[in-house]
Amino acid sequence: MGTNLAPPTRAQFRIEALTSRGWRSRADVLPLVFFLLVLFANPMQRALVLAQVPPAWQQQWDNAVNAAKKEGKVVVFGPAGEIIRNALVDVFGKSFPAIPLEYVGGRASEGAAKVKIERDGGVFSIDVFIGGAVTLMELGAFGALERLEPALIVPEVKDPNRWRDGQLEFSNPSTRYTLVFSSQPNPPVVYNSKQVKATEIDQLYELLDPKWQGKVVLNDPLIAGPAGSLFRWLWRVLGPDKATNYYRKIRAQAGAIDRDQRRQVEWVAQGKYAWLLGPNNAMLHQLAQRGLKFGVLPEFQDFGTHIGTGSGCLALMQRAPHRNAALVFLNWFLNKEGQTVWSKALNLQSRRVDVPVDHIPPYLIVKPGAKYWISYYEKDAQRSPQEEAVIKELFGR
């Protein structure tokens with residue numbers, strides 16, 4: 001009676017092929033044959049061998065890091081200020097000393113305008129852009145951005161459980177160019193506590209009291225920024241007719257309309273103006289660290305406030321000149337270390353749930369269950385034609 005033989009395995013086919021090739025002697029192949037027999041005959045041994053093989057993402061990450069070292073640097077545009085610049089350059093440099101970070105700080109709208117001019121001339125200088133939702137939507141419409149998700153390599157960066165609401169948040173869900181990594185309630189007013197009591201301005205229409213005429217500064221809502229999102233919020237909560245009337249009256253109150261977000265706060269702290277409408281959150285912390293004293297109104301008692309990103313949006317530039325270095329920076333910036341550096345430097349809340357918040361003022365922390373109007377989604381981040389016409393009429397230059 002003949003013996004029943006199992007069909008040859010794929011490994012055995014490979015062994016036969018190896019031992020029959022003329023370019024190798026049977027003696028050369030015998031060690032490999034023995035290894036394969038042990039590997040496929042012993043499940044535990046096979047598991048141990050396979051465990052030594054790095055996962056695909058690790059190989060991709062190592063390749064990106066090595067290529068980034070050859071590129072020589074990464075160029076990142078972000079908000080102005082020595083604190084955030086120094087913090088990012090220092091900590092990223094310690095993690096990746098062979099990939100210098102060149103940080104270009106400035107107002108996002110001005111940075112985007114420069115990017116457009118450069119690209120019209122065939123110049124590509126920026127790898128990663130950090131800014132507000134509206135500015136990055138404009139860059140996306142211009143064709144200057146690349147989809148971000150394929151650039152995320154490290155698993156814990158992509159893990160939705162690491163992020164608020166259990167998801168990576170995008171301001172443009174359909175195209176997913178712009179990742180929202182930081183969002184917080186926007187305090188609507190900063191005031192000089194020697195000239196103003198909070199109870200005098202904690203309702204929206206109290207800002208129209210004649211006693212404030214000529215004594216207040218407005219952050220210019222005409223361009224992208226915190227004032228622009230604040231005015232869009234007012235348009236939604238008041239409705240077009242009431243909002244138009246309010247815009248006209250608040251414009252008449254202004255002693256100054258300014259775009260320099262540092263100077264505005266300094267004017268209030270120095271007593272030149274009693275209060276500022278539409279402050280920049282990140283600038284508040286930087287100036288407070290320098291010793292400037294001012295009061296912050298977290299919300300209006302009658303209308304609350306809205307959630308914005310400040311400079312909490314991130315995008316990968318299309319045709320980034322140092323693309324591998326950009327990948328390294330993006331994945332580092334979105335891990336716990338990078339987000340902690342950002343949060344502590346600007347005193348703003350990251351959407352990562354494992355980043356501490358004990359250093360952040362309560363008025364900048366999202367309260368669970370509270371109702372906020374979210375200003376950064378694509379459908380809400382642009383003015384309606386009617387609002388645009390009113391804003392240009394009142395604030396156009």
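Note: the structure precedes this text.
Residue numbering note: each chain is counted from 1, following its sequence as written. Restriction of local features to residues with pLDDT of at least 70 applies here, the model being predicted, together with a cutoff of 80 or more for giving and counting side-chain atom pairs; totals for whole chains, interfaces and linings are based on all residues. As a convention, hydrogens and water are excluded, and side-chain values are obtained from all of the structure's heavy atoms.

1. Section: the sheet that holds strand E7 (residues 184–185)
- Taken in spatial order, the three strands of this open sheet run E7-E13-E15, and their pairing is mixed. Two strands bound the open sheet, and with one partner strand each, they are E7 and strand E15 (373–374).
- Strands are labelled as partners when DSSP assigns at least two bridges between them. Secondary structure elements follow DSSP: runs of H or I no shorter than four residues count as helices, runs of E no shorter than two count as strands, and numbering proceeds from the N terminus. Relative to strand E13 (residues 306–308), E7 runs antiparallel, the two sharing two bridges. Within E13, the position partnered with proline 185 by the bridge is isoleucine 307.

2. Examining the environment of alanine 269
- Here alanine 269 is to be found in helix H11 (residues 261–270).
- Three exposure classes are used, based on accessible area relative to the maximum for each residue type with a 1.4 Å probe and protein chains only: buried under 20%, partly exposed in between, and exposed over 50%. Overall, the relative accessible area of 23% leaves alanine 269 in the partly exposed class.
- As for alanine 269 and asparagine 192, which are separated by 77 residues in sequence, their C-alpha atoms are 5.7 Å apart.
- We call two residues in contact when some of their heavy atoms are within 4.5 Å. Those residues within four positions of alanine 269 in sequence are excluded, and the remaining contacts are Asn192, Leu292, Lys293 and Phe294.

3. As for the side chain of glutamine 349
- Note on placement: glutamine 349 falls in the loop between helix H14 (336–346) and E15.
- We define a polar contact as two N or O atoms separated by no more than 3.5 Å, with the added condition that, inside protein, one atom must be a possible hydrogen donor and the other a possible acceptor, whereas residues neighbouring each other in sequence contribute only through side-chain atom pairs. Polar contacts involving the side chain of glutamine 349 include one to the main-chain amide nitrogen of valine 366, which spans 3.0 Å.

4. Regarding the packing of aromatic side chains
- Side-chain rings of Phe, Tyr and Trp (the six-membered ring for Trp) are treated as a pair once their centres are within 6.5 Å; stacked means planes under 30 degrees apart, edge-to-face means over 60, and tilted covers the remaining angles. A complete count under the given rule lists 18 aromatic pairs for this structure.
- Pairing phenylalanine 92 with phenylalanine 96 gives two aromatic rings, centres 5.2 Å apart and planes at 40 degrees, and the pair type is tilted.
- Here phenylalanine 92 falls in the buried class, since its relative accessible area comes to 0%.
- An angle of 85 degrees between the planes, with centres 5.7 Å apart, marks the rings of phenylalanine 231 and phenylalanine 395 as edge-to-face. Taken as a pair, phenylalanine 231 in helix H9 (residues 226–238) and phenylalanine 395 in helix H15 (residues 385–395) lie far apart in primary sequence, 164 residues in all.
- Members of the aromatic cluster, joined through ring pairs, are Trp61, Phe92, Phe96, Phe181, Phe329, Trp332, Phe333 and Trp342.
- Any Lys NZ or Arg CZ found within 6 Å of a ring centre and within 35 degrees of that ring's normal is scored as a charge over the ring. The ring of tryptophan 163 has arginine 352 sitting right over it, with the charged end atom 5.6 Å from the ring centre.

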